[in-house]
Amino acid sequence: MPKLSSHATLTSLLETINHTFGAQLSWMMMQDDTGQPQFVSAGELTCHPLEINGFIASQLLQRHPRSWQIIGWKENTGTLIFPPGHPGHHQLQCGVLCKMAPHQHGYFFLGFTQPQSTLTVLKEVVIILVEKLKDFVTGLVARERTAKEMQRVIAQYKTLFERAPVLMNSFDRSSRCVLWNAECEKVFGWTMAEINAHADPLALFYSDPEVRRRVHESVNTTPLNDMYEWHPVRRDGMQLTILWSNISLPDGSILNIGLDITARKKVERQLEMKATTDDLTRCLNRFAILQQIAAALEVSQRQEIDSHFSVLMFDLDFFKQINDQWGHLVGDTALVHFCDCLRGLIPPGSALGRVGGEEFLLLLPKTRSDAAVRLSTRLRRALSITPLNVGSRRLTLSFSAGVVEVSDKQHDTSSLLISADKALYDAKRAGRGKTIVAVDYL
C-alpha cells in the first residue's frame, strides 16, 4: 500500500502506485459534479482521454454494468486501448480495470509492459487498493474541486478589481503602493511601478505635508469608513475631487475605494454659479446679493468687531435714452462696461449684484460711507477716461448713487434698501451724476 499524503495530487498518487507495483501506466477516470469526465494519468506510457473513453465504452458494451467490478487481461492489453501507431499498442501487455465505488462514478486502471503470471492475485490487490483509496480519492477530488473553485473566485475578483469603474488601491505602512487597479491608472495617469519609483509616493498626489500626513493615517492606521472628499493631483497637474473610503481587510491591510467626482463637482459649481449669477454682467443676481447683505446685517447685529459696512445703490443715468438711441445691444454692452470698470476698483471681499435693468448694489465690508463716496468718485473718473467705444463713436456713461452705512444699530434688509433707494432718488433729483449718503440711516 503506497504512503499517502494529505497534500498529494491525483497525479502524484498514481506515480506512487506505479513505483510501488512496477507498473508502466495507471489512470483514473471519474465524473465531476456536472457529469463531465475527469481524467488523470501517470506512467511511462501516455494515453489520451479519447482513447480511454473508447476503451471504457467498448467494455460497457460487452458487459452489463452490474455484472462486473474488475476485469484483467494477461496479454495484448494495449491493443484494446491504443491505435496501432501508438507505442503502447504493442508494449502494454497486462492490465487490470476496476470500477470504483458507485457514488464516485469512476474507473481505475493499472497496466504493465510485461505479462503478469499472478493476475488473479493482482486483481485482488487492485480491489483492496481501490477500496482503501476511495475515501482518500474522494477527499482529494473534493480538495481539487475546492481549489479550482477558489481559482475561479480569485479570477473573478481579480477581473472585478482590474475592470471595476471605481478607484481601488492599497498602500503598505511605508507608503509603498501594493494594489493599483486600471481605473486608478486611468484617472491619475501613473502606473504602480512609476508610483513606487518615487521616494514618497503619496507626495505625487498631495503636496501639502499636513494633508499627506492625514492621508497616510487614513490608508494605514486610522481608516475612514465613510466617504470623505479629498483633492489629489493627477499626473498633468490637474486637481481632482475624489470621494475616498477605507476598508480594513482581515489581514490588517486597508483597501481604499474611491469615486472620481471631479466632473460632477464642476457641473455643480456651474449650476450654483448660474443660480446666483446674472447672465449678462456676470455679477450676482438679485437673490444672491440680497442674501449677502442679509448675512452682513446679521453679523453687524451681533456687534462683532469690524462688522460695519456700506451699501452703494447705482443707477445708470438716461439708460432708456441709450437703448432708444443706440439700440438694446449697445445698452447691454454699456451695462457690462459699467460693471467691468467697477470691478476694477472695488476691494477684495466686496459683492456686486444686479437688482434690476440698470440698477446695481455694491456691498463694501468694513467700509464707512465717506470711503464709499470716494469709490464712486473714482468710478466716475474711470468711466470718463475709458468711454464705451461703439464703432467710431464713444459713449461716456454716467450714474447716480445712494449710500447707506450700517454699524451697530438694529436694521433689516428691507429698511436698508428703502434708505438706499431714497438716497439714490435724491441724487437723481439733484441733477444726476451724483452720490448721496442716506444720513437718516447712520
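Residues numbered from 1 in each chain as written. Predicted model: local features only at pLDDT ≥ 70, side-chain atom pairs only at ≥ 80, totals over all residues. Heavy atoms only, no water.

**Q** Talk me through the side chain of threonine 241; I want residue IDs and the actual numbers.
**A** By the element assignment, threonine 241 lies in the loop between β8 (228-230) and β9 (242-248). Of note is the side chain of threonine 241, whose polar atom sits 3.4 Å from the side chain of histidine 231. The contacts of threonine 241, once residues within four sequence positions are left out, are Glu229, Trp230, His231, Leu259, Asp260, Ile261, Thr262 and Lys265. (Helix = DSSP H or I, 4+ residues; strand = E, 2+ residues; numbered from the N terminus. Polar contact = N/O pair within 3.5 Å; in protein donor to acceptor, adjacent residues only side chain to side chain. Contact = heavy atoms within 4.5 Å.)

**Q** Account for the environment of asparagine 76, naming residues and giving values.
**A** Looking at the element boundaries, asparagine 76 is found in the loop between β3 (70-73) and α3 (78-81). Sequence-wise, asparagine 76 and cysteine 94 are 18 residues apart; in three dimensions their C-alpha atoms are separated by 6.9 Å. Asparagine 76 has contacts with Leu92 and Gln93, leaving out every residue within four places of it along the chain.

**Q** Before we move on, could you go through the UniProt feature "domain: PAS" (unreviewed entry) in the protein chain and cite the residues and values that matter?
**A** Following the UniProt record, the feature "domain: PAS" (unreviewed entry) maps to residues 153-226 here. Its end C-alpha atoms 27 Å apart, residues 153-226 is made of 47% helix and 12% strand. (UniProt positions renumbered as here; feature names shortened; annotations may be inferred.)

**Q** Break down helix α14 (residues 413-429) for me, with residues and values.
**A** Spanning 17 residues, α14 covers 24 Å between terminal C-alpha atoms, matching the ideal 24 Å at 1.5 Å per step. Restricting attention to buried positions, one finds in α14 the residues Leu416, Leu417, Ser419, Ala420, Ala423, Leu424 and Ala427. Buried residues along α14 cover an arc of 160° about the axis, so they all sit on one side. Residues of α14 that are exposed and point more than 90 degrees away from the buried face comprise Ile418, Tyr425 and Arg429. Looking at the packing, one finds that the buried side of α14 touches α10 (286-301), β11 (309-316), β13 (359-365), β16 (399-406) and β17 (435-437). Its side-chain oxygen at 3.1 Å from the backbone nitrogen of serine 414, aspartate 412 defines the N-terminal cap of α14. After α14 finishes, the residue glycine 431 shows a positive phi value of roughly 115°. (Expected span 1.5 Å × (residues − 1). Buried < 20%, exposed > 50% of the residue type's maximum accessible area, 1.4 Å probe, protein only. Arc of directions from axis to C-beta.)

**Q** Quick rundown of the packing of helix α12 (residues 328-343) against helix α13 (residues 369-385)? Include the residues and the values.
**A** Relative to each other, α12 and α13 sit at 125°, their axes nearing to 10 Å. It follows from the interaxial angle that α12 and α13 lie oblique. Considering how the two elements wind past one another, α12 and α13 form a crossing that is right-handed. Side by side, α12 and α13 meet where His337, Phe338, Cys341 and Leu342 of the first sit next to Leu375, Leu379 and Leu383 of the second. (Axes fitted to C-alpha atoms, helices over the stretch in contact; angles between N-to-C directions. Parallel < 35°, antiparallel > 145°, perpendicular 65-115°, else oblique. Left-handed = near helix turned anticlockwise from the far one by under 90°.)

**Q** Could you give me a rundown of the sheet that holds β11, with the residues and numbers involved?
**A** Judged by pairing direction, the sheet is mixed, and its five strands sit side by side in the order β12-β13-β11-β16-β17 without closing on themselves. Two strands close off the open sheet at either side, each with one partner strand: β12 (351-354) and β17. The sheet shows a mean angle of 20° between the axes of neighbouring strands, taken without regard to direction. In terms of strand pairing, β16 meets β17 through three bridges, oriented parallel. Residue valine 403 lies in a different strand from β17, and its bridge partner there is valine 437. Each of β11, β13, β16 and β17 is contacted by α13, which is oriented at about 160° to β16, the strand it contacts most. (Pairing = 2+ DSSP bridges.)

**Q** Describe in detail the packing of aromatic side chains, supporting the description with residues and values.
**A** If you walk through the whole model with that rule in mind, you get 14 aromatic pairs. Pairing tryptophan 27 with phenylalanine 39 gives two aromatic rings, centres 6.2 Å apart and planes at 45°, and the pair type is tilted. Note that tryptophan 27 is positioned in strand β1 (residues 25-31) and phenylalanine 39 in strand β2 (residues 37-43), a separation of twelve residues in sequence. Here phenylalanine 188 and phenylalanine 205 contribute two aromatic rings whose centre-to-centre distance is 5.2 Å and whose plane-to-plane angle is 75°, an arrangement assigned as edge-to-face. You can see phenylalanine 188 sitting in helix α6 (residues 182-188) and its partner phenylalanine 205 sitting in the loop between α7 (192-196) and α8 (209-220), a full 17 residues away along the chain. On the accessibility criterion, phenylalanine 205 (5% relative accessible area) is buried. For arginine 380, the ring lying beneath its charged end belongs to phenylalanine 399, and the centroid distance is 4.1 Å. The ring of tryptophan 326 carries the charged tip of arginine 393 above its face, separated from the ring centre by 4.2 Å. (Phe/Tyr/Trp six-rings, centres within 6.5 Å; stacked < 30°, edge-to-face > 60°. Lys NZ or Arg CZ within 6 Å of the ring centre and 35° of its normal.)

**Q** Any details on helix α2 (residues 49-62)? Residues and values, ideally.
**A** In a regular helix each residue adds 1.5 Å, so 14 residues correspond to 20 Å; α2 covers 20 Å between its end C-alpha atoms and thus fits that length. Considered for burial, the residues of α2 that qualify are Glu51, Ile52, Phe55, Ile56 and Gln59. Projected down its long axis, α2 carries its buried residues within an arc of 130°, all on one side. Turned more than 90 degrees from where α2 packs its buried face, Leu50 and Leu61 sit exposed.

**Q** Before we move on, could you go through the side chain of asparagine 323 and cite the residues and values that matter?
**A** With respect to the secondary-structure elements, asparagine 323 resides in helix α11 (residues 319-326). Those residues in contact with asparagine 323 that lie beyond four places of it in its chain are His328 and Gly331.

**Q** Report on the nonpolar core, specifying residues and quantitative values.
**A** One finds Leu312, Phe314, Phe338, Leu342, Leu362, Leu379 and Phe399 to be the most contacted residues of the largest nonpolar core, which totals 29 residues. Those elements that provide at least two residues to this core are β11, α11, α12, β13, α13 and β16. Counting residues per element, this core draws most heavily on α12, which supplies seven residues. Not counting residues within four places of it along the chain, the set of residues in contact with phenylalanine 338 comprises Phe314, Leu316, Phe360, Leu379, Leu383, Leu397 and Phe399. (Core = buried A, V, L, I, M, F, W, Y, C linked by side-chain atoms within 4.5 Å.)

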